[in-house]
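Below, each chain spelled out in residue letters.
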Amino acid sequence: MISRVEEGEAVVQGDEVVRALLTAMATLEDLVAVGHDSHSALSTLEGIAHELGRMDSGERRRFIEVLERIAAEEPGRAAWIRGIPNALGLDR
């Protein structure tokens, strides 16, 4: 569902939530990598994976579609973004 238009570009409802999730996941992954409170960060990532794993197939498909749109807009992070479903254990 298209919710608004910014600078001639359609924004689909839910994209902002997925962008926020990606920001949080990137930060948590950085914390795990540098060892700063890595146990807590890893537990949080596992919690995210668990909650997203509860999506039904339609929700999962829409989530992956949003990831694909964001990846297309952010080529520098596209591979990481497209790898999120696999990293979280979500089947495509």
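Anyway, here's the lowdown on the structure attached to this text.

Scoring rules and cut-offs
Residues numbered from 1 in each chain as written. Predicted model: local features only at pLDDT ≥ 70, side-chain atom pairs only at ≥ 80, totals over all residues. Heavy atoms only, no water. Salt bridge = Lys/Arg side-chain N within 4 Å of Asp/Glu carboxyl O. Helix = DSSP H or I, 4+ residues; strand = E, 2+ residues; numbered from the N terminus. Buried < 20%, exposed > 50% of the residue type's maximum accessible area, 1.4 Å probe, protein only.

1. Overview of the pattern of salt bridges
Close approach of charged atoms lets side chains of opposite charge pair.
Then, number 1: Taken as a whole and judged by the stated rule, the model has seven salt bridges.
Then, number 2: With its nearest N and O atoms 3.0 Å apart, the salt bridge here joins Arg19 to Glu74. Of this pair, Arg19 sits in helix 1 (residues 15-34) while Glu74 sits in the loop between helix 3 (57-73) and helix 4 (78-87), and the two are 55 residues apart along the sequence.
Then, number 3: Measuring nitrogen to oxygen at the nearest pair gives 3.1 Å for the salt bridge that ties Glu51 to Arg54.
Then, number 4: Of the residues examined, Glu51 reaches a relative accessible area of 44% and is grouped as partly exposed.
Then, number 5: Look at Arg54 and you get exposed, because its relative accessible area is 60%.
Then, number 6: Among the charged side chains, a salt-bridge network with shared partners connects Arg19, Glu73, Glu74 and Arg77.

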